Amino acid sequence: MQVIIRPTPEEATRVVARVVEKEIRAHPDTVLGLATGSTMERLYEMLVRKHQKEHLDFSLVRTFNLDEYVGLKPDDKHSYHAYMHEHFFRHINIDRRNTHLLDGMAKDLAAECQRYEDLIVHCGGIKLQLLGIGNDGHIGFNEPLSALQSRTRDKSLAPATLEQNARYFGQIAHMPHRALTMGVGTILGCKRLYLLATGRAKAAIIAKAVEGPITSMISASAIQLHPHCTVVVDREAGSALAAGEYYEWIFDHEPEWAEFRAA
Ligand code: PGA
């Protein structure tokens, strides 16, 4: 695993935006794994800008989103279908047939999850998966005790997640208590992972996920098992990391990051 610490949320997000840009320019028909949440909004803004101002071409890109609430129609403004449309897809030249999200309205949820797993395989696997992290350490909606080998399935949302996301719905009573999510095992099967987190509220959980023991109580800790995983944080989200100085040194000196330092 690599940990990149940048001074501000803006700079941390810019690193990930440039990674995604580089992937698309090198492989125009790449398969991206997309995440939602407030942290990702700025990332999508940056990518939209790259499309509008720097001709970043999404016409052949294929995408899979991590998760979707059970029981919300795609046009419900709280659904992740709507989030993706609003923050990203409607602003870029992506072919909507190449954007894949789980159907939280499916009658047979297990069949829907299997369809999704099969489709990922059919597309050749996810090349670059974006991840946020929840206050309870979830990636996707893999709540505490999600098996490290879990596949796409439905999951009950944990109290910490209901509290974290109730802000979008007004109150917890108005939000779905279940979601479909790629499993931890599904995520570990992606070729490269980039986890982005910003702000002091994420400091403690980032330290646990990155430097703590691997445990199904903190799904994000499973990324330690992945051979090509990069965690990108701002100084605040990285403030509880024990080896922060070492991570900063790596970004400042490793040739791999030279082009990103210039930004
Ligand atoms: P956030 O959500 O970006 O809104 O903090 C991240 C997550 O829960 O995965």
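Our subject is the structure listed above.
Below you will find a few notes about this structure. (Residues numbered from 1 in each chain as written. Predicted model: local features only at pLDDT ≥ 70, side-chain atom pairs only at ≥ 80, totals over all residues. Heavy atoms only, no water.)

### Things to note about the sheet that holds strand 4 (residues 67-69)
So, point 1. Pairing in this open sheet of three strands is antiparallel, and the strands run 4-8-7 from one edge to the other. This sheet does not close on itself; its edge strands, each paired only once, are strand 4 and strand 7 (153-156). Between one strand and the next, the sheet's axes are offset by a mean angle of 30 degrees, whatever the strand orientation. (Pairing = 2+ DSSP bridges. Helix = DSSP H or I, 4+ residues; strand = E, 2+ residues; numbered from the N terminus. Axes fitted to C-alpha atoms, helices over the stretch in contact; angles between N-to-C directions.)

### Looking at the sheet that holds strand 10 (residues 229-234)
Two modes of strand pairing occur in sheets, parallel and antiparallel, and in both the strands are linked by backbone hydrogen bonds.
So, point 1. In spatial order, the strands read 1-10-9-6-2-3-5; together these seven strands make up an open sheet with parallel pairing. Each end of this open sheet is capped by a strand with a single partner; those strands are strand 1 (2-6) and strand 5 (99-100).
So, point 2. In the packing of helix 4 (residues 109-122) onto the sheet, the strands contacted are strand 3 (62-65) and strand 5, and the crossing angle to strand 3 comes to about 150 degrees. (Contact = heavy atoms within 4.5 Å.)

### Quick notes on helix 8 (residues 244-253)
So, point 1. Inspection of helix 8 places G244, Y247, E248, I250 and F251 among the buried residues, and these make up the whole buried set. The buried residues of helix 8 all sit within an arc of 155 degrees when viewed along its axis, so they share a single face. Facing away from the buried side of helix 8 by over 90 degrees, the exposed positions are E245 and Y246.
So, point 2. Buried positions along helix 8 lie against strand 1, helix 7 (203-211) and helix 9 (258-261). (Buried < 20%, exposed > 50% of the residue type's maximum accessible area, 1.4 Å probe, protein only. Arc of directions from axis to C-beta.)

### Let's talk about the site of the ligand
So, point 1. The environment of the ligand is formed by G37, S38, T39, G132, I133, G134, H138, Q164, R167 and K202.
So, point 2. Between T39 and the ligand, the recorded distance is 2.5 Å, taken from a side-chain N or O atom to an oxygen atom.
So, point 3. Take H138: an N or O atom from its side chain is 2.8 Å from an oxygen atom of the ligand.
So, point 4. More than half of the atoms belonging to the ligand lie within 2 Å of the grid points that define the largest pocket. (Near = heavy atom within 4 Å. Polar contact = N/O pair within 3.5 Å; in protein donor to acceptor, adjacent residues only side chain to side chain. 1 Å grid on protein atoms, 1.4 Å probe; cavity = no way out; pocket = protein on both sides within 12 Å on 5 of 7 lines; lining within 4 Å. Sits in = over half its atoms within 2 Å of the grid points.)

### Brief notes about the packing of helix 2 (residues 38-54) against helix 3 (residues 80-87)
So, point 1. The interhelical angle for the contact between helix 2 and helix 3, taken along N-to-C directions, is 40 degrees, at an axis separation of 10 Å. Taken together, helix 2 and helix 3 sit at an angle that is classed as oblique. Residues M40, E41, Y44 and V48 of helix 2 pack against Y83, M84 and H87 of helix 3. (Parallel < 35°, antiparallel > 145°, perpendicular 65-115°, else oblique.)

### Overview of the packing of helix 1 (residues 9-26) against helix 2
So, point 1. Across the interface, helix 1 lies against helix 2 with an axial gap of 9 Å and an inter-helix angle of 50 degrees. For the element pair helix 1 / helix 2, the angle class is oblique. In this structure, the crossing between helix 1 and helix 2 has a hand that is right-handed. Residues E10, T13, R14, V16, A17, R18, V20, E21 and R25 of helix 1 touch helix 2, and the partners they reach there are R42, L43, M46, L47, K50 and E54.
So, point 2. When its residues are assigned to classes, the contact of helix 1 with helix 2 shows six nonpolar, one polar and eight charged. (Left-handed = near helix turned anticlockwise from the far one by under 90°. Nonpolar A, V, L, I, M, F, W, Y, C, P; charged D, E, K, R; others polar.)

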